[in-house]
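# Geometric and topological summary
Listed here are the chains, written in short residue letters.
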Amino acid sequence: MPAPTLSLVFPIFDEQEVLPHLLTRLDTVVADLQASTGPVEAIFVNDGSRDASWQLLNELSQTRPWMRLVNLSRNFGHQIAVTAGMHYAGGDAVVIMDADLQDPPELLPEMIRLWKGGNDVVYAVRTEREGETAFKKATASAFYKLLQSLTNVPIPADTGDFRLMDRKVVAAMNAMGEHHRFLRGMAAWVGFTQIGLPYKRDARAAGETKYPLKKMVRLAVDAIASFSQAPLKLATYMGFAVTLLSLLAIVVVIILRLTPGIRALEGQATTLIAALFIGGVQLVCIGILGEYIGRIYDEVKRRPLYLVSRTHGFDDNTAVK
Ligand code: UDP
Ligand code: MG
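This section reports on the structure supplied with the text.

Rules used throughout
Residues numbered from 1 in each chain as written. Chains lettered and ligands numbered in written order. Predicted model: local features only at pLDDT ≥ 70, side-chain atom pairs only at ≥ 80, totals over all residues. Heavy atoms only, no water. Salt bridge = Lys/Arg side-chain N within 4 Å of Asp/Glu carboxyl O. Helix = DSSP H or I, 4+ residues; strand = E, 2+ residues; numbered from the N terminus. Buried < 20%, exposed > 50% of the residue type's maximum accessible area, 1.4 Å probe, protein only. Core = buried A, V, L, I, M, F, W, Y, C linked by side-chain atoms within 4.5 Å. Pairing = 2+ DSSP bridges. Near = heavy atom within 4 Å. Polar contact = N/O pair within 3.5 Å; in protein donor to acceptor, adjacent residues only side chain to side chain. Areas by Shrake-Rupley, 256 points an atom, 1.4 Å probe, with all protein chains shown as cover. 1 Å grid on protein atoms, 1.4 Å probe; cavity = no way out; pocket = protein on both sides within 12 Å on 5 of 7 lines; lining within 4 Å. Sits in = over half its atoms within 2 Å of the grid points. Nonpolar A, V, L, I, M, F, W, Y, C, P; charged D, E, K, R; others polar. Points joined across faces, edges and corners; volume = space filled by probe spheres on them.

## Examining the pattern of salt bridges
The full count for this structure, using the stated rule, is 17 salt bridges. Across the pair Arg 25 and Glu 106 runs a salt bridge whose closest N-O atoms are separated by 2.9 Å. Residue Arg 25 is found in helix α1 (residues 19-36), and its partner Glu 106 is found in the loop between β4 (93-96) and α4 (108-116); the two are separated by 81 residues along the sequence. For Arg 25, a relative accessible area of 29% translates into the label partly exposed. The class of Glu 106 is partly exposed, set by a relative accessible area of 43%. Here Arg 295 makes a salt bridge to Asp 222, at a shortest N to O gap of 2.4 Å. Here Arg 295, found in helix α10 (residues 269-301), pairs with Asp 222, found in helix α8 (residues 213-227); they are 73 residues apart in sequence, far enough to count as distant. Note on accessibility: Arg 295 and Asp 222 belong to one class, buried.

So, in structure tokens, the structure goes:
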């Protein structure tokens, strides 16, 4: 098998409902791409699925020599599964895609055209998002605004991980060993020539989202902590604000005390509220410190990002890990 021109990377977590649909759509697109562009490989990283995804992948790959399978030893999370796929990908260009057909494979020829036109990263921009709740859209938009205000890295809004990356971008990202990975941020951080490609994001073809609120919040915190140190400055800002406020309060209290006839600020309540307020502010600041220290701890342990239990369809040792 010649070295592939194009590698597609699919993270798979409990996607048995969607896999047959995905492969049906891919068959046509891959056949066209093999004819027009060159050899294509599709790497499916099974991220500890609890359903029959792995068995199904093995069955589906029997008639499709362009399929490559990687089985992680357990669920490591979406970003790590994609990272594993990027380590195993051998193509001159690598495309990250969701398995649920929210990222239409039919967009690939246009991505490849832009890549051949000299762009190193072609990221897909969602102009419309079908089948997503108003809550998800609103929080996503607020999150990108916050992220952009906190960091100097130009992370484009309304993008997911669906993007084509040139080999040199993939090599740069593979060399970044950080454990808490926010791939769309890392892909922006590396630089090179980047271009956005608008597309309409369909609803999930089958099955349910594997990104409940908890995982979304974790990804958002990883994004901010990996690309900004602004939260660490919050303690300083809040410290100044509280100091100023209390200075003001001292003046107000003196005036009130000196004014005859006013009996304000008597009793324990004011003291209690002041103590609770500053206690709250301090705990928030310690919590923020904790987020960063936890990340430092994760890095110094130097554990591998993931473990692989088996692979299928690679000519021995193609992984650049
Ligand atoms: N995914 C994964 N590991 C996880 C969660 C998700 O590999 O722990 C995969 C999932 O199978 C899918 C992709 O990540 O291919 C995106 O997940 P999903 O479509 O559920 O996210 P959404 O589009 O709802 O944000
Ligand atoms: Mg999805």
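Now that the structure is up, let's keep going.
## Description of the nonpolar core
With 42 residues, the main nonpolar core has Leu 72, Phe 143, Ile 155, Met 165, Met 173, Phe 182 and Tyr 306 as its most contacted residues. Element by element, the count of residues in this core is highest for helix α3 (residues 78-88), at 6 residues.

## Some points on the pairing of strand β1 (residues 6-12)
Across the 7 residues of β1, 7 count as buried, placing the element largely inside the fold. Both faces of β1 are covered, namely the face carrying Leu 6, Leu 8, Phe 10 and Ile 12 and the face carrying Ser 7, Val 9 and Pro 11. As paired elements, β1 and strand β2 (residues 40-46) share 7 bridges and run parallel to each other. Paired with Leu 8 across the bridge in β2 is Ala 42. Both β1 and β4 contribute to a ladder of 4 bridges, which runs parallel. Considered in β4, the bridge of Ser 7 is made with Val 94.

## Details of the site of ligand 1
Taken together, 19 residues form the shell around ligand 1, and within it Glu 15, Asp 100, Gln 102, Thr 209 and Lys 210 come nearest. His 78 places a main-chain nitrogen or oxygen 3.4 Å from a nitrogen atom of ligand 1. Within the side chain of Arg 204, one N or O atom sits 2.9 Å away from an oxygen atom of ligand 1. Here ligand 1, which alone exposes 540 Å², has 95% of that area covered by the protein. Given that more than half its atoms are within 2 Å of the pocket grid, ligand 1 belongs to the largest pocket. A class-by-class count of the residues in the shell around ligand 1 yields 5 nonpolar, 5 polar and 9 charged.

## Some details on unusual backbone geometry
The phi dihedral of Asp 158 falls on the positive side, at around 55°, and the residue is not glycine. Within the secondary structure, Asp 158 sits in the loop between α5 (134-150) and β6 (159-166). For Asp 158, a relative accessible area of 35% corresponds to the partly exposed category.

## As for the layout of surface pockets
For the largest pocket, the calculated volume is near 1,000 Å³. Around the largest pocket, the lining is made up of 44 residues, and of these Lys 136, Thr 209, Tyr 211, Met 216 and Leu 219 lie nearest the centre. With 8 residues, α8 is the largest single contributor of residues to the lining of the largest pocket. Each pocket or cavity is described by its volume, and for the second largest pocket that value is around 680 Å³. Lining the second largest pocket are 22 residues, with Phe 76, Ile 80, His 179, His 180 and Arg 218 positioned closest to its centre. Elements represented by at least two residues in the lining of the second largest pocket include exactly α3, α8 and α10. In terms of residue count, α8 provides more of the lining of the second largest pocket than any other element does, 4 residues in total. In the lining of the second largest pocket, the residues fall into 7 nonpolar, 6 polar and 9 charged.

None of the figures reported here should be taken as evidence of function without further support.
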